[in-house]
Amino acid sequence: MPVGGKATAARRNRPGARSLELESLAGGGPPAPRTPTGLAEFDRVLGGGLVRGGAVLLGGDPGIGKSTLLLQALGAVAKSGREVIYVSGEEGADQIRDRADRLGLADAPLLLATATSTDAAAATIVNTPNLALIAIDSIQTMYVEGVESAPGSVAQVRASAQLLIAAAKRAGASLLLVGHVTKDGAIAGPRVLEHMVDAVLYFEGDTSQHYRILRAVKNRFGPADSLGVFEMTGLGLAEVPNPSALFVGEREGREPVTGSAVFAGFRGARPLLVEVQALVGAPGPASPRRAVVGWDSARLAMTLAVLETRAGLPFSGRDVFLSVAGGLRIDEPAADLAAAAALASALLERPTPKDCVFYGELALSGEVRPAPQADARLKEAERLGFSRAAAPGDTKMKGVKVETIKRVDDLVTLLAAQPLLRAPKPADWPDDES
Ligand code: TYD
Ligand code: MG
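Residues numbered from 1 in each chain as written. Chains lettered and ligands numbered in written order. Predicted model: local features only at pLDDT ≥ 70, side-chain atom pairs only at ≥ 80, totals over all residues. Heavy atoms only, no water.

Looking at the packing of helix H7 (residues 297-311) against helix H8 (residues 336-348)
In a packed pair of helices, the relevant descriptors are the angle between the two axes and the axis-to-axis distance. Our working rule: Axis definition: a line fitted to C-alpha atoms, over the contacting stretch in the case of helices. Angles run 0 to 180 degrees between N-to-C directions. Under the DSSP-based scheme used, a helix requires at least four consecutive residues in state H or I and a strand at least two consecutive residues in state E, with every element numbered from the N terminus. Take the far helix as your reference; a near helix turned counterclockwise from it by less than a right angle gives a left-handed crossing, and one turned clockwise gives a right-handed crossing. We call two residues contacting when some pair of their heavy atoms lies within 4.5 Å. Ten residue types, Ala, Val, Leu, Ile, Met, Phe, Trp, Tyr, Cys and Pro, are classed as nonpolar, four, Asp, Glu, Lys and Arg, as charged, and the remainder, Gly among them, as polar.
The interhelical angle for the contact between H7 and H8, taken along N-to-C directions, is 65°, at an axis separation of 10 Å. In the crossing of H7 with H8, the sense of the turn from one axis to the other is right-handed. When H7 is examined against H8, the residues Arg299, Leu300, Met302, Thr303, Leu304 and Leu307 are found in contact with a partner set consisting of Asp336, Ala340 and Leu343. Broken down by class, the residue content of the contact of H7 with H8 amounts to six nonpolar, one polar and two charged.

Set out below in structure tokens:
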């Protein structure tokens, strides 16, 4: 039967419906114009600045520094002569002026509104000529007339974002939305907006420490998964141009320790060295604990199983802890070998070589698979003073010697060549040697 033979009425074109406007794939025209924020780390994470007409969501825990980052970026853009508006539904104008003072931005020609009406904000976007950038701090305080629920509810947050995004697109202005990450369900978190905006950035860090990480989890205009690092100082956020140095810590002159390995990793478009730390307990506990911070717990379980089954390292019956230094989270499969090295080093009580980085993906067979962008990883390692890399490939590079690790046994061999480094134990502890 021919398609649409019978019930054609419903399928027939609506009279008067116009065809889609088609364009060629090749003739895309120039890339969307960008507005640099003046903060190099911020711009890098964005993929080269804010896109005109695009919407960016900046999420993070309360108190992490979102408003500070925003004010610094807005101030810099305003100082460059562009039209910039800051709408705050959270703080009074005096509070914001105080902060701007502290940040050295008191004279930035930035326009300020303390308001919570989404309708008024959207009208402002459309009615301000040459508006380059507008920030809404925060989306959870905004309120759309006619939506019958409280500010911060999913319905309000969605409706507000929709209105603002449409207005910004029409005006060709960049829109920055702040969204608090919330633990209780009463307020809608940034997640409900992730699909509506062009880029989602999270600002993270331990508020008890000074370092802050800006991370892109989605970016229609640049690399996702890129990362910027800042330090919170008394004068606002300072950029950290050399984050690898931060995440591997001071190695020169440091006493060797077991259970530590440096991963030559990659974040977004940039190589990044990170220290992975492991602690392995004595055998004994009836239900040994496994805890992991900054890595995937299923991956830890798999790595332990591979080390145990393929290299004979006895992890079962022991507590195992694994942590990524500096509050960072690693998702790359290539981190497997560094995690395995830290774990094996802790168990064997032999430090990994001080001048050596690790990368490679572990297969269940015990083989180690190559990682992409090996050259860039090695280059970053060399730049930070490492002279060896334990990795599966045979990449050659002047300055960094590759210790080929094809299987987990090779890793054990590498560690066995290191000096034994016993952790001091109380005298009355049972000897765990069998
Ligand atoms: P804030 O930007 O208000 O966080 P958020 O908007 O994410 O809730 O920053 C909050 C913290 O930052 C606050 O505890 C004080 C600190 N801070 C500094 O340490 N130095 C500074 O220059 C500024 C402006 C803030
Ligand atoms: Mg704030």
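Moving on from the coordinates now.
As for empty space enclosed by the protein
Rules: Within this scheme a cavity is a closed region of a 1 Å grid, computed over the protein atoms alone, that accommodates a 1.4 Å probe without allowing it to escape, whereas a pocket is open but has protein on both sides within 12 Å along at least five of seven lines; lining residues each have an atom within 4 Å of a point. Grid points are joined across faces, edges and corners, and a volume is the space filled by probe spheres set on the points.
Under the criterion given, the structure shown has one cavity of 30 Å³ or more. Estimated volume of the largest cavity: approximately 40 Å³. Taken together, Arg34, Leu46, Gly49, Leu50, Val51, Val56, Ala199, Asn219 and Phe221 form the lining of the largest cavity. Broken down by class, the residue content of the lining of the largest cavity amounts to six nonpolar, two polar and one charged.

A short note on the site of ligand 1
The line we're drawing: Consider each residue's heavy atoms; a residue with any of them within 4 Å of a molecule or strand counts as near. Within 3.5 Å is the distance limit for a polar contact, defined as a pair of N or O atoms, with the added protein rule that one can donate a hydrogen and the other accept it, and that residues adjacent in sequence qualify only through two side-chain atoms. All accessible areas in this document rest on Shrake-Rupley with a 1.4 Å probe, and a residue is counted as covered only by the protein chains that are shown.
Lining the immediate surroundings of ligand 1 are 16 residues, of which Gly63, Lys66, Ser67, Thr68 and Gly236 lie closest. Within the contact set of ligand 1, an oxygen atom lies 2.8 Å away from a backbone nitrogen or oxygen of Gly236. Protein contacts shield 75% of the accessible area of ligand 1, which totals 560 Å² for the unbound molecule. Every element with two or more residues in the shell around ligand 1 is listed here: helix H2 (66-79), helix H3 (93-102) and strand S10 (227-233). Take the shell around ligand 1: its biggest share by element is three residues, from H2. The residue makeup of the shell around ligand 1, split by class, is five nonpolar, seven polar and four charged.

Observations concerning the packing of H2 against H3
Worth spelling out the cut-off: Oblique is the label for any angle not covered by the other classes, which are roughly parallel (under 35 degrees), roughly antiparallel (over 145) and roughly perpendicular (65 to 115).
In the contact formed by H2 and H3, the axes pass within 11 Å of each other and the chain directions differ by 70°. Between H2 and H3, the crossing angle belongs to the class labelled roughly perpendicular. The interaxial crossing formed by H2 with H3 has right-handed handedness. On H3, the residues that touch Ser67, Thr68 and Leu71 of H2 are Ile96, Arg99 and Ala100.

Description of the domain arrangement of the chain
Put simply, the rule is: Domains are outlined according to an automatic or database domain assignment. Buried area adds together the accessible area that both of two parts lose upon being put together, with accessible area traced by a 1.4 Å probe. The salt bridge criterion pairs a side-chain nitrogen of Lys or Arg with a carboxyl oxygen of Asp or Glu, the two atoms within 4 Å.
Examined at the domain level, the chain breaks down into domain 1 (33-241) and domain 2 (247-420). The gap between the C-alpha centroids of domain 1 and domain 2 is 37 Å. Each side of the interface is counted separately: domain 1 has eleven residues, and domain 2 has ten residues. For the pair domain 1 and domain 2, the summed buried area comes to about 770 Å², and 53% of that belongs to carbon and sulfur atoms. Linking domain 1 with domain 2 are zero salt bridges. Summed over the shared surface of domain 1 and domain 2, the result is zero residue pairs in polar contact (both at pLDDT 80 or more). Every element with two or more residues in the side of domain 1 that touches domain 2 is listed here: helix H1 (40-46), strand S9 (211-219) and S10. For the side of domain 1 that touches domain 2, the class distribution of residues is five nonpolar, two polar and four charged.

Let's talk about the pairing of strand S19 (residues 388-391)
The line we're drawing: Any two strands with at least two DSSP-identified bridges between them are counted as paired.
Strand direction decides the pairing type here: strand S16 (residues 356-358) and S19, joined by three bridges, are parallel. The residue of S19 that forms the bridge with Cys356 is Arg388.

Description of the sheet that holds strand S6 (residues 131-137)
With respect to topology, nine strands assemble into an open sheet ordered S5-S4-S6-S7-S3-S8-S9-S10-S11, the strand pairing being mixed. One side of each edge strand has no neighbouring strand; the edge strands of this open sheet are strand S5 (111-114) and strand S11 (236-239). Across the sheet, the mean angle from the axis of one strand to that of its neighbour is 25°, orientation sign disregarded. Sheet analysis places strand S3 (residues 55-60) next to strand S8 (residues 199-204), joined by five bridges and oriented parallel. Counterpart to Val56 in the pairing with S8 is Ala199. H2 contacts S3, strand S4 (83-88), S6, strand S7 (174-180), S8, S9, S10 and S11 of the sheet and is inclined by roughly 160° relative to S4.

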